[in-house]
Amino acid sequence: MKAHPHQGGFGGRQGCIFVLGGARSGKSRVAEGLFARWPAPWTYLATCQPHDGEMETRIATHRARRGEGWRTVEAPLDLPRALDGAAASPVLVDCLTLWLTNLMLAERDVAQATQELLAALGRRTEPTVLVSNEVGQGIVPDNALARRFRDEAGLLHQAIAREAARVVFVVAGLSMEMK
């Protein structure tokens, strides 16, 4: 793998790396580690909305771990526009499942938002790393909203994995290259 996108064709979906794993699997740390090969500054597109103190603490922990070289942009709903706005730097999107949650709570069209996200990824000229939670390996949820979320996440993940150049699955802090 080349060190810079302009040297190795990292633009568009060929420059897209999808990092997928369970909660607390180490996926964000693995994704952040990928950025050492690209020159800073890097852009962190945060999809989390801090609704309580616990989420604020998680955000602060993530921010402190990233350290220097990162510019954080909050993108809870309009992720495609945020990707377009970060065109000049490598981007880390953390995370797609929180973005999906925000879309569903705002009653947005998830299929349309997914297509807009894929189009924005195709326009990128710098590397893009997308992080998401794998939620489909557990039991079938007992309520309709949770089942819909699980199903929408599965469809979103399939669409991203189809188009990404690389897919990395993370379990217990260990990564496995799937594609």
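### Things to note about the overall build of the chain
Phase 1 of the analysis: Across its full length, the chain carries 7 helices and 7 strands.
Phase 2 of the analysis: The order of helices and strands in the chain, counted from the N terminus, is α-β-α-β-α-β-α-β-α-α-β-α-β-β.
Phase 3 of the analysis: By the compact-globule yardstick of 16 Å for 179 residues, the chain fits well, its C-alpha radius of gyration being 15 Å.
Phase 4 of the analysis: Residues classed as buried in the chain amount to 45% of the 179 residues present.
Phase 5 of the analysis: Put simply, of all contacts in the chain between residues at least 6 apart along the chain, 78% involve residues at least 24 apart.
Phase 6 of the analysis: Total accessible area on the chain is roughly 9,200 Å²; 54% of this is exposed by carbon and sulfur atoms.

### Side note on the sheet that holds strand β5 (residues 128–133)
Phase 1 of the analysis: With mixed pairing, 7 strands are arranged side by side in an open sheet as β3-β2-β4-β5-β1-β6-β7. Two strands lie at the open edges of the sheet, namely β3 (70–74) and β7 (174–177), each paired on one side alone. On average, each strand axis in the sheet is tilted by 20° relative to the strand beside it, whichever way the strands run.
Phase 2 of the analysis: Relative to β5, strand β4 (residues 91–94) is paired through 4 bridges, and the arrangement is parallel. By the bridge assignment, V91 is partnered in β5 with T128.
Phase 3 of the analysis: The sheet strands contacting helix α3 (residues 53–66) are β2 (42–46), β3 and β4, and the helix crosses β3 at an angle near 155°.
Phase 4 of the analysis: Helix α5 (residues 96–105) rests against β1 (16–21), β4 and β5 of the sheet, and its axis sits at about 70° to β5.

### Focus: the confidence of the model for the chain
Phase 1 of the analysis: Chain-level statistics for the chain give a pLDDT mean of 89 and a share of 93% at 70 or above.
Phase 2 of the analysis: The secondary structure element of the chain with the lowest average pLDDT is helix α1 (residues 5–8), at 34, and the one with the highest is β5, at 98.
Phase 3 of the analysis: Segment residues 1–10 is flagged for pLDDT under 50; beyond a separation of four residues in sequence, or across chains, it makes 26 contacts in the model.

### Considering the layout of surface pockets
Phase 1 of the analysis: Considered as a void within the structure, the largest pocket measures approximately 730 Å³ in volume.
Phase 2 of the analysis: Looking at the largest pocket, it is lined by 27 residues, and the ones nearest its centre are R24, S28, R58, H62 and D94.
Phase 3 of the analysis: Taken together, the elements giving at least two residues each to the lining of the largest pocket come down to α2 (27–33), β2, α3, β3, α5 and β5.
Phase 4 of the analysis: Per element, the largest residue contribution to the lining of the largest pocket is 8 residues, and it comes from α3.
Phase 5 of the analysis: Tallied by class, residues from the lining of the largest pocket come to 10 nonpolar, 8 polar and 9 charged.
Phase 6 of the analysis: In this structure, the second largest pocket encloses a volume near 170 Å³.
Phase 7 of the analysis: Forming the boundary of the second largest pocket are 13 residues, of which A111, T114, Q115, L155 and A159 lie nearest the centre.
Phase 8 of the analysis: Secondary-structure elements contributing two or more residues to the lining of the second largest pocket are α6 (110–123) and α7 (144–163).
Phase 9 of the analysis: The greatest single-element share of the lining of the second largest pocket, amounting to 7 residues, is contributed by α7.
Phase 10 of the analysis: The residue makeup of the lining of the second largest pocket, split by class, is 6 nonpolar, 2 polar and 5 charged.

Rules and cut-offs
- Residues numbered from 1 in each chain as written.
- Predicted model: local features only at pLDDT ≥ 70, side-chain atom pairs only at ≥ 80, totals over all residues.
- Heavy atoms only, no water.
- Helix = DSSP H or I, 4+ residues; strand = E, 2+ residues; numbered from the N terminus.
- Rg over C-alpha atoms; globule rule 2.2 N^0.38 Å.
- Buried < 20%, exposed > 50% of the residue type's maximum accessible area, 1.4 Å probe, protein only.
- Contact = heavy atoms within 4.5 Å.
- Areas by Shrake-Rupley, 256 points an atom, 1.4 Å probe, with all protein chains shown as cover.
- Pairing = 2+ DSSP bridges.
- Axes fitted to C-alpha atoms, helices over the stretch in contact; angles between N-to-C directions.
- pLDDT = per-residue confidence, 0-100.
- 1 Å grid on protein atoms, 1.4 Å probe; cavity = no way out; pocket = protein on both sides within 12 Å on 5 of 7 lines; lining within 4 Å.
- Points joined across faces, edges and corners; volume = space filled by probe spheres on them.
- Nonpolar A, V, L, I, M, F, W, Y, C, P; charged D, E, K, R; others polar.

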